[in-house]
Amino acid sequence: MVYELKDTRKAALLFGDWEETLIYSCVQQIMGKIFVTDPEEPKSACAFVGCFAFYAGEPDEELVKNKPNGFLIMTPQNEEWASLIEACFPDTKRIMRYAIRKDTKFDVTKLQNMVKQLPDGYELKPIDADIYDKCLQNPMTVDFVSAFGSKEKYLEDGRGMVIMKDGEIVSGASSYTRYREGIEIEVDTAEPERRKHLATIVCASLILRCINEDLYPSWDAQNMNSVHLAEKLGYEFSHEYVAYEV
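Residues numbered from 1 in each chain as written. Predicted model: local features only at pLDDT ≥ 70, side-chain atom pairs only at ≥ 80, totals over all residues. Heavy atoms only, no water.

Novice: I keep staring at the pattern of salt bridges and nothing clicks. Help me out?
Specialist: Side chains that carry opposite charge are capable of pairing whenever their charged atoms lie near each other. Enumeration according to the criterion identifies 18 salt bridges in this entry. Between K33 and E4 there is a salt bridge; the shortest N-O distance is 4.0 Å. Of this pair, K33 sits in strand β2 (residues 33–36) while E4 sits in strand β1 (residues 3–4); the two residues are 29 residues apart in sequence, bridging distant segments of the chain. Given the relative accessible area of 38%, K33 is considered partly exposed. Two residues, D220 and R97, come together in a salt bridge whose shortest N-O distance is 3.1 Å. (Salt bridge = Lys/Arg side-chain N within 4 Å of Asp/Glu carboxyl O. Helix = DSSP H or I, 4+ residues; strand = E, 2+ residues; numbered from the N terminus. Buried < 20%, exposed > 50% of the residue type's maximum accessible area, 1.4 Å probe, protein only.)

Novice: How should I be thinking about the sheet that holds strand β11 (residues 216–218) in this particular structure?
Specialist: Two pairing modes exist for strands in a sheet, parallel and antiparallel, and in both the strands are linked by backbone hydrogen bonds. With mixed pairing, the 5 strands of this open sheet are ordered in space as β7-β8-β9-β10-β11. Of all the strands in the sheet, just β7 (123–126) and β11 have a single pairing partner and so form its edges. Averaged over all neighbouring strand pairs, the angle between strand axes comes to 30°, with direction disregarded. Note that strand β8 (residues 160–165) and strand β9 (residues 168–179) share 6 bridges and pair antiparallel. The residue of β9 that forms the bridge with M164 is I169. (Pairing = 2+ DSSP bridges. Axes fitted to C-alpha atoms, helices over the stretch in contact; angles between N-to-C directions.)

Novice: Honestly, the sheet that holds strand β4 (residues 52–57) in this entry has me stumped. Any pointers?
Specialist: Spatially, β1-β2-β3-β4-β5-β13-β6-β12 is the arrangement adopted by the 8 strands of the open sheet, whose pairing is mixed. Each edge of the open sheet carries a strand with a single partner, namely β1 and β12 (220–221). When β4 meets strand β5 (residues 73–76), the two strands line up parallel, connected through 4 bridges. Across the sheet, A53 pairs through a bridge with M74, a residue of β5. Contacts from helix α9 (residues 224–233) reach β6 (93–100), β12 and β13 (237–245), with the element oriented near 5° to β6. (Contact = heavy atoms within 4.5 Å.)

Novice: What am I meant to see in the packing of aromatic side chains here?
Specialist: Each aromatic ring pair is specified by the distance between its two centres and by the angle formed by the two planes. In total, this model carries 13 aromatic pairs according to the counting rule given. Taken together through their ring pairs, the aromatic side chains of F15, W18, F52, F54 and Y176 make up a single cluster. (Phe/Tyr/Trp six-rings, centres within 6.5 Å; stacked < 30°, edge-to-face > 60°.)

Novice: Could you clarify how one ought to interpret the environment of L206 in this entry?
Specialist: Within the secondary structure layout, L206 lies in helix α8 (residues 198–212). With 169 residues separating them in the primary sequence, L206 and T37 have C-alpha atoms 39 Å apart. In contact with L206, not counting residues within four places along its chain, are R159, G160, M161, A173, S174, I183 and I185.

Novice: Quick question: what am I supposed to make of the pairing of strand β10 (residues 182–189) here?
Specialist: Successive side chains on a regular strand alternate, one facing one side of the sheet and the next facing the other. In the sheet, β9 pairs with β10 via 8 bridges, with the strands oriented antiparallel. What sits directly across from Y179, in β10, is G182. In this structure, the hairpin formed by β9 and β10 is closed by a connection of 2 residues. Bridge analysis of β10 against β11 gives 3 bridges, and the strand direction is parallel. By the bridge assignment for β11, E184 is matched with S218. Handedness of the β-α-β unit built from β10, α8 and β11 comes out right-handed. (Right-handed = clockwise from strand over helix to strand, strands pointing away.)

Novice: How do you make sense of the environment of V142 when you look at a structure like this?
Specialist: Looking at where V142 falls in the secondary structure, it is placed in the loop between α6 (129–136) and α7 (151–157). Judged by its relative accessible area of 24%, V142 is partly exposed. C-alpha of V142 to C-alpha of Y132: the two residues are 10 residues apart in sequence and 8.8 Å apart in space. For V142, the contacting residues outside a window of four places in its chain are C135 and L136.

In structure tokens, the structure reads:
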């Protein structure tokens, strides 16, 4: 049987030094959940938040098969977990994701100059209560806020910036998740507004906001375009890793 682990400290060592802020969110009980098959002395664990799940410890078939409903990106700690995921879900899609270093020292002046490039007719705004509601109405922006579960939770723990044009969100960068020391950034731009450097501008704005609040703006890349954007903002590439879209 699979249980939600209430005392998440019991699973912390299973994840070891895995540098993944979504795991931190779960272990720190900021958001997300940790699932185990032995709540007293867990030997395996799944950290679940948003549409991501991270599997650590001894590979456990029951833990993998009892995945949360809906689309999920499963990330294995090692090849043994990867083989188990493939065995449990033969139709899964194996993908590569790209980890970004977590110790970036940002050039604040460079980021400030990026923000100044906002074109005429566009407006930069923080995600407040009204913008939160607008984010939920658009498939492009819903992930900016949805993992928090409520407006109150997002306004308390979340951080986000959007670029508006004619009253609509055309680009945004927000905390997909929050952990004690920082946020994990989610960014997107409406298709007709791409190649105008809006993503660069809005991300630079969010990073500056995080710096001002002594929060770390963590970045994990889905593809090489995301890696290149991160590098433009001052981040450094770390390594690629395997994940599964289930």
